[in-house]
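This is what each chain is made of:
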Amino acid sequence: MGAGRGVSISLDGVRDKNVMQLKKLNTVLFPVRYNDKYYADALASGDFTKLAYYSDICVGAIACRLEKKEGGALRVYIMTLGVLAPYRGLGIGTKLLNHVLDLCSKQHISEIYLHVQTNNEYAINFYKKFGFEITDTIQNYYTNITPTDCYLLTKFITETKK
């Protein structure tokens, strides 16, 4: 078989019984440790938090938090999106992000945003491909990693008629 042929990439929801998969991924993927509130928010977001499987191996995840803006409208905050290094470039991160963007569109959520470390050019370019724009720079956002500054990346979603 050729590379990538016959291999399926599937997404699965995060629940109490498999939240440890998300915790293990985060330990490997990110330089910070996430607290119980992060996992509570991820579980509470329902379909907005997903694990990605490559041939039944858990290799990535997206975890979001739903937030109410003034006036009651919802927006989505991407807390984390990551794919294990050997599985990058296979469309897994794209599938995870597109899943969340599609949900936003279907649920009439017009804003989605995240923070990215200012030196993380790979992530910044990845999100820009999906229409995210740098809308702010926050000094000293991070406390235990260098650089401490981050960009705020935001995408405003316009409704598509289907």
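Report on the accompanying structure. Since this is a predicted model, take the numbers as computed values, not measurements.

As for the overall build of the protein chain
Next, step 1: Counting secondary structure elements, the protein chain contains four helices and seven strands.
Next, step 2: The order of helices and strands in the protein chain, counted from the N terminus, is β-α-α-β-β-β-α-β-α-β-β.
Next, step 3: Relative to the 2.2 N^0.38 estimate, which gives 15 Å for 162 residues, the radius of gyration of the protein chain is 16 Å and therefore close to what a compact globule would have.
Next, step 4: Across the protein chain, the fraction of contacts at a sequence separation of at least 24, relative to all contacts at a separation of at least 6, is 61%.
Next, step 5: When the accessible area of the protein chain is evaluated, it comes to approximately 9400 Å², of which 49% is carbon and sulfur surface.
Next, step 6: With 20 positive and 15 negative side-chain charges, the protein chain shows a separation of 6 Å between the mean positions of the two kinds.

Here we look at the pattern of salt bridges
Next, step 1: Scanning the model with the defined rule gives eight salt bridges in all.
Next, step 2: We note a salt bridge from Asp47 to Lys50, for which the minimum N-O separation is 3.4 Å.
Next, step 3: With a relative accessible area of 10%, Lys50 lands in the buried category.
Next, step 4: Among the charged side chains, a salt-bridge network with shared partners connects Lys37, Asp41, Arg65, Glu67, Lys69, Arg75 and Glu111.

Quick word on the nonpolar core
Next, step 1: Membership of the largest hydrophobic core comes to 49 residues, with the highest contact counts inside it found for Ile78, Leu97, Ile112, Tyr127 and Phe132.
Next, step 2: For Ile78, the contacting residues outside a window of four places in its chain are Ile62, Ala63, Cys64, Leu97, Ile112, Tyr113, Leu114, Tyr127 and Phe132.

Digging into the pairing of strand β7 (residues 150–156)
Next, step 1: With five of its seven residues buried, β7 lies for the most part within the structure.
Next, step 2: Sheet topology note: the strand β5 (residues 111–117)/β7 ladder contains seven bridges and is antiparallel. Considered in β7, the bridge of His115 is made with Leu152.
Next, step 3: Pairing between strand β6 (residues 133–138) and β7: five bridges, direction antiparallel. Bridging from a neighbouring strand, Thr137 pairs with Tyr151 of β7.

Calculation criteria
Residues numbered from 1 in each chain as written. Predicted model: local features only at pLDDT ≥ 70, side-chain atom pairs only at ≥ 80, totals over all residues. Heavy atoms only, no water. Helix = DSSP H or I, 4+ residues; strand = E, 2+ residues; numbered from the N terminus. Rg over C-alpha atoms; globule rule 2.2 N^0.38 Å. Contact = heavy atoms within 4.5 Å. Areas by Shrake-Rupley, 256 points an atom, 1.4 Å probe, with all protein chains shown as cover. Lys, Arg positive; Asp, Glu negative; His and termini not counted. Charge placed at Lys NZ, Arg CZ, Asp CG, Glu CD. Salt bridge = Lys/Arg side-chain N within 4 Å of Asp/Glu carboxyl O. Buried < 20%, exposed > 50% of the residue type's maximum accessible area, 1.4 Å probe, protein only. Core = buried A, V, L, I, M, F, W, Y, C linked by side-chain atoms within 4.5 Å. Pairing = 2+ DSSP bridges.

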